[in-house]
Amino acid sequence: MENNKVIGYLLIILLLVTYYTYFVPNYENNDSHSSDQPNKENINPDKEANNNGFINNKNYLIKSEKQKDVLIENQDIIITFSNQGAYIKKVVLKNHYAFNKPLNLINEKSSIINFKLFKGDSAINFNELIFNYNINKSLDSTSINFYLDANNREKFNIKYNIPNSGYLISSRIDLKNHDYENLSFYWSNKVIHQEKNYDYEKSVTTINYHDKDNNYDYLSASSTEITEESINMPLKWISTKQQFFSSAIITDNIFNNTLLKTVYNEDTSFIKTTIIETEIPLINRSSSLSFYFGPNKYDILKNIAIGFDKNVYLGWWGVNSFNKYIIIPIFNLLEQSISSYGLIIFIMVILIRIIITPFTYKSHISMAKMKIVSPEVNKIKEKYSGDMQKSQAEIMQLYQKTGVNPLGGCLPLLFQLPILISVFYFLPNAIELRQKSFLWAEDLSSYDSILSLPFSIPLYGDHVSFFTLLMTVSTILINSANSQMQTMEGPMKIMQYVLPVMFLFIFNNFSSGLTYYYFLSNVLSFGQIYLFRRLVNEDDMKKEIDYNRKQNLNVKKSSFRIRLEEAMKVNQEAQKNRKKNNT
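First, a word on scope: everything that follows refers to the structure included in this document.

The next thing to look at is the overall build of the protein. For the protein, the helix and strand inventory stands at 12 helices and 24 strands. Within the protein, the fraction of its 583 residues that count as buried is 46%. Intrachain contacts of the protein at a sequence separation of at least 6 include 63% that bridge at least 24 residues. When the accessible surface of the protein is split by element, carbon and sulfur atoms take 56% of a total near 31000 Å².

What follows deals with the environment of G527. Considering the arrangement of structural elements, one finds G527 in helix α10 (residues 512-535). Relative accessible area serves as the criterion here: at 36%, G527 is assigned to the partly exposed category.

Enumeration over the complete set of coordinates arrives at 8 salt bridges. A salt bridge links K297 to E432; its shortest N-O distance comes to 2.5 Å. Remark: E432 occurs in the loop between α7 (411-429) and β23 (449-457) and K297 occurs in the loop between β22 (286-295) and α3 (298-301); sequence separation between them is 135 residues.

With respect to the helices and strands, I130 occurs in the loop between β10 (122-125) and β11 (132-137). In this structure the C-alpha to C-alpha distance between I130 and L148, which are 18 residues apart in sequence, comes to 8.2 Å.

Moving on: the nonpolar core. Ranked by internal contacts, the top residues of the largest apolar core, which has 97 residues, are F81, I88, F115, I144, Y160 and F291. A per-element tally of this core places helix α5 (residues 341-383) first, with 7 residues. Setting aside residues no more than four positions away along its own chain, I144 makes contact with V70, I72, F81, Y133, N134, I135, I158, K159, Y160 and I162. Counting 14 residues, the second largest nonpolar core, distinct from the first, contains I365, V404, M541 and I545.

Okay, the side chain of T258 next. Looking at the secondary structure, you find T258 in strand β20 (residues 245-264). On the accessibility criterion, T258 (2% relative accessible area) is buried. At 2.8 Å, the side chain of T258 forms a polar contact with the side chain of T278. Once residues within four sequence positions are removed from consideration, T258 is found in contact with E229, S230, I231, L235, I238, E277 and T278.

Let's shift gears to unusual backbone geometry. Despite not being glycine, F99 shows a phi value in the positive range, around 55 degrees. Mapped onto the secondary structure, F99 falls in the loop between β7 (87-98) and β8 (101-106).

Inspection of the entire model under this criterion finds 34 aromatic pairs. Taken together through their ring pairs, the aromatic side chains of F81, F115, F126, F131, Y133, F146, F156, Y160, F185, W187, F291 and F293 make up a single cluster. Residue placement shows K190 over the ring face of F270; its charged tip is 4.5 Å from the ring centre. Positioned above the aromatic ring of Y264 is the side chain of K202, whose terminal nitrogen or guanidinium carbon lies 3.9 Å from the ring centre.

Our next topic: the pairing of β7. Note: strand β6 (residues 77-82) against β7, 6 bridges, orientation antiparallel. Its bridge partner being in β7, F81 is matched across the sheet by I88. The hairpin turn running from β6 into β7, its antiparallel successor, is 4 residues long, and G85 in that turn takes a positive phi close to 100 degrees. Count of turn residues in the β7/β8 antiparallel hairpin: 2 residues, of which F99 carries a positive phi of about 55 degrees.

For the rest of this paragraph, the subject is the sheet that holds β8. Strand order in the open sheet formed by 4 strands is β5-β6-β7-β8, with antiparallel pairing between adjacent strands. Both outer strands of the open sheet, β5 (69-73) and β8, are each paired with one neighbouring strand and no more. Strand-to-strand, the axes of this sheet are offset by a mean angle of 25 degrees, without reference to chain direction. As paired elements, β5 and β6 share 5 bridges and run antiparallel to each other. Looking across to β6, one finds that V70 is bridged to F81.

Residues I494, M495, V498, L499, M502, F503 and I506 make up a contiguous nonpolar surface patch of roughly 570 Å² in combined accessible area. Classification of F503 as partly exposed rests on a relative accessible area of 33%.

Close contact between helix α4 (residues 319-335) and α5 brings their axes to 10 Å; oriented N to C, the two are set at 130 degrees. Our classification of the angle between α4 and α5 gives oblique. The chirality of how α4 crosses α5 is right-handed. Judged by residue contacts, I327, I330, F331, L334 and E335 of α4 engage Y341, I344, I347, M348, L351 and I352 from α5. Taken together, the residues that form the contact of α4 with α5 break down as 10 nonpolar, no polar and 1 charged.

Thresholds, definitions, all that
Residues numbered from 1 in each chain as written. Predicted model: local features only at pLDDT ≥ 70, side-chain atom pairs only at ≥ 80, totals over all residues. Heavy atoms only, no water. Helix = DSSP H or I, 4+ residues; strand = E, 2+ residues; numbered from the N terminus. Buried < 20%, exposed > 50% of the residue type's maximum accessible area, 1.4 Å probe, protein only. Contact = heavy atoms within 4.5 Å. Areas by Shrake-Rupley, 256 points an atom, 1.4 Å probe, with all protein chains shown as cover. Salt bridge = Lys/Arg side-chain N within 4 Å of Asp/Glu carboxyl O. Core = buried A, V, L, I, M, F, W, Y, C linked by side-chain atoms within 4.5 Å. Polar contact = N/O pair within 3.5 Å; in protein donor to acceptor, adjacent residues only side chain to side chain. Phe/Tyr/Trp six-rings, centres within 6.5 Å; stacked < 30°, edge-to-face > 60°. Lys NZ or Arg CZ within 6 Å of the ring centre and 35° of its normal. Pairing = 2+ DSSP bridges. Axes fitted to C-alpha atoms, helices over the stretch in contact; angles between N-to-C directions. Patch = residues over 30% accessible without salt bridge, like charges linked within 9 Å, V, L, I, M, F, W, Y side chains within 5 Å. Parallel < 35°, antiparallel > 145°, perpendicular 65-115°, else oblique. Left-handed = near helix turned anticlockwise from the far one by under 90°. Nonpolar A, V, L, I, M, F, W, Y, C, P; charged D, E, K, R; others polar.

Everything listed here is a matter of coordinates, which is why it stays silent on function.
Okay, here's the thing in structure tokens:
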């Protein structure tokens, strides 16, 4: 009996050696390893699993190939697939760099992807299976097909399609002759550190997700502990979002019963660990998925899936729309003909200043008029120092008679504020600025340190960002120039100098592209103030105010004015009654 077993084993080995020597066809591919098409697998359900290449999943036994890595690349990425588990093992972005090397978005040390099939208490773990594979090329794409065929009883097919350019990898899973209930997906990703500013990169790295009802949400990015969330609603895509790059899985159908987790890392080689566990419904024993490994660039992401562009955070509603339909189109238009991003930002500031100049001029006129009538305003305040409501009523009447609009100085702020907020979100998240230098700034997407401090200042940091310093000084000068046209007193007058100093601390670690923008905006604002002062004649303005006063001398009070005064009288009477009751 033992001799028969030995003879049988020797015959099997001889057959395998003969087959692999003379009958295996070769496939040309981009992998440095050969891609051999193996024979149908030998199946013997009665055998136990061993460590010699046999894998036992309860129902069948497979004699398999060794583990191999298969490389496929297009114009933008290099993908390494593993035939053990038929998963994406490594992704390198060819046109992006981290620390002077092509950027590894995921690799074998950072990322684990696994599929599992469940049927009752039994499970098939794909990472325990070594798949056969073949590669096919067409004019516009390359596909790799991983398969297992166990004597036509049970078949697994996982096919990936890689276009000639771009960052989206489509895949399809086909399970023939199966009655498994669930296909689960697991992805653990130790997010690799890519950027200069480690702390900021960590503060914006998280998991984003989007459900089938078009609702977008995310896990907290600022937490220093484990953040975990179980999601019962069906999802359409899940993304590990970094500062400038995302690694995501997208379904043509839905993901169910999803568990998402982020774990704070102390190892500075990595940012955080993100974990995605979800179930993939099988329709006719098949499911279609896509993987995105690429930059967080709005013009790319908006075409990937519904809501996928939210991986570039452009601000809350309103600001988000302003960025999408005004700031980004202007930026992209300038980018087509100008290579210097510092110059692009400079031209953007000029264009925006030109657009709001009419409103800024009206604001200057309004503040100049307010300055002229300010002595009369002060007299009214002194006369009715104990009666604020009466004082306000008299001041409003003065403004009405002289034709001075007290809100006129706020008008340009209403137009400038959305712009200032929009660029606050756009420029730090613009991958176009990543690793682009300008003047002394080595990277416009990060801070522009001109001096490293031997110690760290709380809330400030251990370096001096020069554009932030210039922004702060120019803001103080602008406020000083404006204060000469305004009648600010007390705490408000102090705050106009305190706020810029606070900004010095807040913006020291921010994108130098952003602080450069704010600095340029201040410089042009200062120039406008100087120009307007040369154009505006204060004597002519005084004549205009006197003329308005004479014209409005006998004008009847408006219905609004009458109602306002009546409301004030009622309020005054109520206050008097409360004082009497208290005494």
